[in-house]
Amino acid sequence: MQRSWRHRFHLPAVIGTIPMILVAVGVFVIGIGFSLLWSFTSSKLFPSYDFVGLAQYRRLWADNRWLVSVNNIWFFGLMSIACNMVFGYLLAVFMDQRIRQEDLFRSIFLYPFAMSLIVTGLVWQWVLDPNLGLQAAMRNLGWSSFSFAPLVDANTAIYALVVAGIWQGSGVTMAILLAGLRGVDEEIWKAARVDGIPTWRTHVSIVAPMMKGAFATAFVLQCVGVVRVYDLVIAMTGGGPGIATSMPAVYVIQLITVRQNVGQGMAAATMMLVPVLVVLAFSGLVLWRRKRRQEAAT
Amino acid sequence: MDMAENGTSVSIQELSLNFGAVSVLKTLNLDVAEGEFIVLLGPSGCGKSTLLNCVAGLLDISEGRIFIKGKNVTWEEPKDRGIGMVFQSYALYPQMTVEKNLSFGLRVAGLPKDEIAKRIARASEILQIEPLLQRKPAALSGGQRQRVAIGRALVRDVDVFLFDEPLSNLDAKLRSELRVEIKLLHRKLQNTMIYVTHDQIEAMTLADRIAVMKGGVIQQLDAPQTIYNRPVNRFVAGFLGSPAMNFIDGRLEKDKGDWHFTVEDVRIPLSTYAFEKEPVPGPAVFGIRPEHVAFNSGTGWPFTADATVEVVEPMGSDTLVWLKLGKQNFTVRVTSERTPRNADAVSIGFDPMRASLFDAQTGSRL
Ligand SMILES: Nc1ncnc2c1ncn2[C@@H]1O[C@H](COP(=O)(O)OP(=O)(O)OP(=O)(O)O)[C@@H](O)[C@H]1O
Ligand SMILES: [Mg+2]
């Protein structure tokens, strides 16, 4: 026991990582702990310790703005992740044809990801702004009845966000999936051709299942992108028009800074933590089951 | 043109293949008879796999035509050529069970279920992979994987099997086991097989005929024994045989009506040697295989000489002896009980009938 402990934790390594551990514990555990604590209080502008039980949660789920935010994040998340995966895979397949300008194309596709979401958002806002962007340009060219202003319409603004999200994220997905595609043995393709399996079928039934790892990596990165969507919303719509594109992160910040309701803001933040915990628990379960199966096999 | 009539299974005519400016196969001709086992043998990069891929239809050829069973398949898709192929890396579909690996192509082709089941049953019985049918490839050993890969070619019910170095990812013991199995499989199925390898033992043991390739050109196409005993040029002679044939650079001379090969003060009489073409005096290369030389031979050999022993390598059943014959290095292989003991100087003898003479310039057989 003693030896295996020493084997697993080298002293210099432990000392080296202590600052990181302290920061992680400090920021995450203590931060989350206080969020949770304050979510049960009636804190307004400043945190207080006047406990009110689940009252903040009840008020949260009665707030239409919060419900819209939750709806929006689901819609945005599902749409942008699904489209990103599909586009990213198609782009990767396109790049895998050993085209000549591969490096150039790769840079172009990856460029949006290298930019801050604020920049991405601003660019898209300009393009979609009725007085500055596409609509104005078309009207200047003489097509005076041309109308394209998705950001000012409460029904379409969320789609504009999704498109911006796809534009921003599909390049990375492409890069990851391309690496996965390149990892597939060329003889697999030959064998499939000899077997008479159509190319699309080879992709769907043989190659894509072989790229589970690459898909998982891309998926996790996309999820992070969804969490980061705060920047994009602030830059493109500010949550508007009205509350049409509000998202949970936007909602939390607004409650704390504008509406000065720390208690309810913390309740909303705690709710945001729930899906993360569910995902963590699920992946933990999967890992545990796999490990147990491996142990059973040996 | 009907090829099937004269029993030709695969006919490759004037085939050339270029990758950009690089010419990999050069106007190559090869006729494979029905049920024949052809081995393509050659050093790495000589174009063996490329030729096989051309036959399979996985590469578009630059020039020439390919017939399979009398049908011009030059521009057919691989699946329509009546071929099955086995790859070096097995190329099994990793996320599918063995059974699905075998059946996937058939299901895509729309074969009825009971026909698929019948073919899988037959293939798995022949290859003895019935207990593995529900496993994924990751849970199989190398030998089992290669058997499944052969099964995938088998269920296609084709006339021609193509193998691209199917055994080179296996360890030596498994390789020799599967080699025998492939030979038995060929005897059982009587299919045409084209088999790529750079392992000369595989080539010698499996082939009806070996095509020795170099630089995209077939150097010699013959039965294994002919290739071994009467190589058409110095490359073929040196490529087959381990240890390699002994080569001695010298001169061909005619003396009182008899031909001799001379090097320094050694004279090898060639009265028993069967010349391929009319010899002319001049520089030549004399080649003799290590196992065609004997020790302490006394009388009865057309040629004997004294040599000094440098190194003795016992290899179990055989012993390799490295000698100096004058200034020439010389290898001799004898059975272990005939190994010279504690001797520096030995007498060797051989019959030039078993030797090969090559032109010093062109390297072709004399
Ligand atoms: N896609 C390609 N593009 C350009 N050159 C190629 C390509 N594929 C093969 N070659 C060249 O063609 C030649 C023959 O290759 P091939 O794979 O047929 O060799 P091989 O005889 O099978 O060798 P090995 O025993 O190593 O498998 C090599 O010189 C190789 O560099
Ligand atoms: Mg090869």
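Residues numbered from 1 in each chain as written. Chains lettered and ligands numbered in written order. Predicted model: local features only at pLDDT ≥ 70, side-chain atom pairs only at ≥ 80, totals over all residues. Heavy atoms only, no water.

Undergrad: Explain the site of ligand 1 to me, and be specific about the residues and the numbers.
TA: Residue and element names in this part refer to chain B. Around ligand 1, the neighbouring residues are Phe19, Val24, Pro43, Ser44, Gly45, Cys46, Gly47, Lys48, Ser49, Thr50, Glu165 and His198. Side-chain polar atom of serine 49 to an oxygen atom of ligand 1: 2.6 Å apart, as the coordinates give it. Burial of ligand 1 by the protein chains amounts to 54% of its free accessible area of 640 Å². At 3 residues, the largest contribution of residues to the shell around ligand 1 is made by helix α1 (residues 48–56). When the residues that make up the shell around ligand 1 are grouped by side-chain class, the tally is 4 nonpolar, 6 polar and 2 charged. (Near = heavy atom within 4 Å. Polar contact = N/O pair within 3.5 Å; in protein donor to acceptor, adjacent residues only side chain to side chain. Areas by Shrake-Rupley, 256 points an atom, 1.4 Å probe, with all protein chains shown as cover. Helix = DSSP H or I, 4+ residues; strand = E, 2+ residues; numbered from the N terminus. Nonpolar A, V, L, I, M, F, W, Y, C, P; charged D, E, K, R; others polar.)

Undergrad: Tell me about the packing of aromatic side chains, and please be specific about residues and values.
TA: All names here are of chain B. Applying the stated rule across the entire model yields 18 aromatic pairs over all chains. On the basis of an interplanar angle of 35° and a centroid distance of 5.3 Å, the ring pair of phenylalanine 261 and phenylalanine 286 is categorised as tilted. With phenylalanine 261 in strand β12 (residues 258–263) and phenylalanine 286 in strand β14 (residues 282–288), this pair connects stretches of sequence that are 25 residues apart. A relative accessible area of 0% means that phenylalanine 286 is categorised as buried. Geometry around tyrosine 228 places arginine 289 over its ring, the cationic atom sitting 3.9 Å from the centre. (Phe/Tyr/Trp six-rings, centres within 6.5 Å; stacked < 30°, edge-to-face > 60°. Buried < 20%, exposed > 50% of the residue type's maximum accessible area, 1.4 Å probe, protein only. Lys NZ or Arg CZ within 6 Å of the ring centre and 35° of its normal.)

Undergrad: Pulling in residues and values, what's your account of the pattern of salt bridges?
TA: Close approach of charged atoms lets side chains of opposite charge pair. All names here are of chain B. Inspection of the entire model under this criterion finds 17 salt bridges over all chains. Among the salt bridges present, the one from arginine 119 reaches glutamate 115, with a minimum N-O distance of 2.9 Å. In this pair, arginine 119 and glutamate 115 both sit in helix α3 (residues 113–127), 4 residues apart, roughly one turn of the helix. (Salt bridge = Lys/Arg side-chain N within 4 Å of Asp/Glu carboxyl O.)

Undergrad: Tell me about helix α8 (residues 157–182) of chain A, residues and numbers included.
TA: Residues and elements named next belong to chain A. Compared with the 38 Å implied by 1.5 Å per residue over 26 residues, the 38 Å span of α8 between its first and last C-alpha is a close match. For α8, the principal kink sits at glycine 169 and spans about 35°. Of all 26 residues in α8, 20 are buried; the element is thus mostly enclosed. (Expected span 1.5 Å × (residues − 1). Bend = angle between axes of the 7 residues up to and from the residue.)

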